[in-house]
Amino acid sequence: MTLQQEIVGNAMQMAIVNLAPGQTVYCEAGKFLFKTTNVTMETRLGGPSGNGGRQPQDGGSGGGMGGMLRQAMGTAMQVGQRALAGESLAFQYFTAQGGEGTVGFAGVLPGEMRALELNGTRAWFAEKDAFVAAESTVEFGIAFQGGRTGMKGGEGFVLEKFTGYGTVIIAGAGNFIDLNPADFGGRIEVDTGCVVAFEEGIQYGVQRVGGLNRQGLMNAVFGGEGLSLATLEGNGRVILQSLTIESLANALKKAQGGDKQGPTGGLFSTNAG
């Protein structure tokens, strides 16, 4: 069943979800906004894993203590991955009872939201904290980039991964732009903080900005990008955001009486967060 949703608002968008009787949607803790009284709310540590987000009633497949142990180990692994990634440890599940219900969700930064439709053939990857809400038929996971890419890429080291069927809602900062690297010769280079989400099949990497020469050092020190750019290659959808969390944080700190980015930005940034 397709999730009936509407994204409303401008500078700070919200998602209004209409649930059919018995339909379930889940969100990351902290993204819930409002609900009608006939929608139940339940907080769980475990995420959906192919059973519509429902907890097994008989202790898990196989039953008995073995099933309960497997269920507990699976939940512990999910929680451990999210803790390592710096994600929320719990999900909130909302189910309409006795009729249709409505639930509202919001992101945490001023910006846009986007509803992605999964058909089981391609996964989607998103930046950390982009996830807002999804149908219980969508599975949420954590994907870790390779060691060298992660160490150089910063924001790209930990990605959220969505698989299965149904609707998933993501959010970002500023305005969104949709691109396909195939329309630009098969490859685009992006500020690492501007990548919101991309389809499976897109190759994500990180490259140094210029070489170890005078111009490369000028780019790193005075260009505001640091030492690396994200690279996206292949044929598929890519969603970028116009505002990065770091630039927003620096603007707020500057407004409070001090330019924490330093006089040159880039490599000399004094942002501790």
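Let us look at the structure shown here.

What counts and how
Residues numbered from 1 in each chain as written. Predicted model: local features only at pLDDT ≥ 70, side-chain atom pairs only at ≥ 80, totals over all residues. Heavy atoms only, no water. Helix = DSSP H or I, 4+ residues; strand = E, 2+ residues; numbered from the N terminus. Buried < 20%, exposed > 50% of the residue type's maximum accessible area, 1.4 Å probe, protein only. Contact = heavy atoms within 4.5 Å. Areas by Shrake-Rupley, 256 points an atom, 1.4 Å probe, with all protein chains shown as cover. Core = buried A, V, L, I, M, F, W, Y, C linked by side-chain atoms within 4.5 Å. Polar contact = N/O pair within 3.5 Å; in protein donor to acceptor, adjacent residues only side chain to side chain. Pairing = 2+ DSSP bridges. Axes fitted to C-alpha atoms, helices over the stretch in contact; angles between N-to-C directions. Phe/Tyr/Trp six-rings, centres within 6.5 Å; stacked < 30°, edge-to-face > 60°. Salt bridge = Lys/Arg side-chain N within 4 Å of Asp/Glu carboxyl O.

## A few points about the overall build of the protein chain
Piece 1. Each helix and strand counted, the protein chain has four helices and 18 strands in total.
Piece 2. For the protein chain, buried positions account for 47% of its 273 residues.
Piece 3. Once local pairs closer than 6 in sequence are excluded, the contacts in the protein chain between residues at least 24 apart make up 78%.
Piece 4. Per element, the accessible surface of the protein chain, about 13600 Å² overall, is 55% carbon and sulfur.

## Side note on the nonpolar core
Piece 1. Grouped together as the largest cluster of nonpolar side chains are 21 residues, with contacts concentrated most on Tyr26, Phe131, Phe162, Val168 and Ile170.
Piece 2. When residues of this core are traced back to their parent elements, those giving at least two are β6 (91-96), β8 (113-119), β9 (124-127), β10 (131-135), β11 (138-144), β12 (158-171) and β15 (195-199).
Piece 3. It is β12 that provides the largest number of residues to this core, a total of four residues.
Piece 4. With residues up to four places along the chain from it excluded, the contact list for Ile170 reads Glu112, Met113, Arg114, Leu116, Ala130, Val132, Phe162, Val196, Ala197 and Ile239.

## Remarks on the environment of Asn180
Piece 1. As for its placement among the helices and strands, Asn180 is situated in the loop between β13 (176-179) and β14 (187-190).
Piece 2. Taking the C-alpha atoms as reference points, Asn180 and Gly236, 56 residues apart in sequence, are found 5.5 Å from one another.
Piece 3. In this structure Asn180 touches Gly234, Asn235 and Gly236, once residues within four positions along its chain are discounted.
Piece 4. There is a polar contact of 2.8 Å between the side chain of Asn180 and the side chain of Asn235.
Piece 5. Within the structure, the side chain of Asn180 is placed 3.1 Å from the backbone nitrogen of Gly236, a separation counted as a polar contact.

## As for the sheet that holds β14
For sheets, the rule is that strands pair by backbone hydrogen bonds, running either parallel or antiparallel.
Piece 1. Spatially, β14-β17-β16 is the arrangement adopted by the three strands of the open sheet, whose pairing is antiparallel. Of all strands in the sheet, those with a lone pairing partner are β14 and β16 (203-208), marking the two edges. Strand-to-strand twist of the sheet, defined as the mean angle between neighbouring strand axes without regard to direction, takes the value 30°.
Piece 2. Two elements, β14 and strand β17 (residues 228-233), share four bridges in a ladder whose sense is antiparallel. Pairing of Ile188 across the sheet is with Leu232, part of β17.

## A short note on the packing of aromatic side chains
The description of an aromatic ring pair uses the distance of the two centres, along with the angle that the planes make with each other.
Piece 1. Under the criterion given, the structure shown has twelve aromatic pairs.
Piece 2. Ring centres of Tyr26 and Phe131 lie 5.6 Å apart, and the angle between their planes is 40°; on these two criteria the pair is classed as tilted. Of this pair, Tyr26 sits in strand β3 (residues 24-28) while Phe131 is found in strand β10, placing the two residues 105 residues apart along the sequence. In terms of burial, Tyr26 and Phe131 fall into one category: buried.

## Quick word on the pattern of salt bridges
Piece 1. Taken as a whole and assessed by the stated rule, the structure comprises seven salt bridges.
Piece 2. For the salt bridge of Arg187 with Glu233, the shortest nitrogen-to-oxygen distance reads 3.2 Å. One end of the pair, Arg187, is in strand β14; the other, Glu233, is in strand β17, with 46 residues separating them in the sequence.
Piece 3. Classification of Arg187 by relative accessible area gives partly exposed; the value is 33%.
Piece 4. Each member of the salt-bridge network shares a partner with another, and the members are Glu112, Arg114, Asp178 and Arg237.

## A word on unusual backbone geometry
Piece 1. Positive phi is not limited to glycine here, since Asp129 has a value of about 75°.
Piece 2. Along the chain, Asp129 turns up in the loop between β9 and β10.

## With respect to the sheet that holds strand β1 (residues 4-8)
Piece 1. In space, the four strands of this open sheet follow the order β1-β2-β7-β4, with antiparallel pairing throughout. Both outer strands of the open sheet, β1 and β4 (32-35), are each paired with one neighbouring strand and no more. Adjacent strand axes in the sheet meet at a mean angle of 20°, parallel and antiparallel pairs treated alike.
Piece 2. Where strand β2 (residues 14-19) and strand β7 (residues 101-106) come together, six bridges link them in antiparallel fashion. Among the inter-strand pairings, Val17 is bridged to a residue of β7, identified as Val103.

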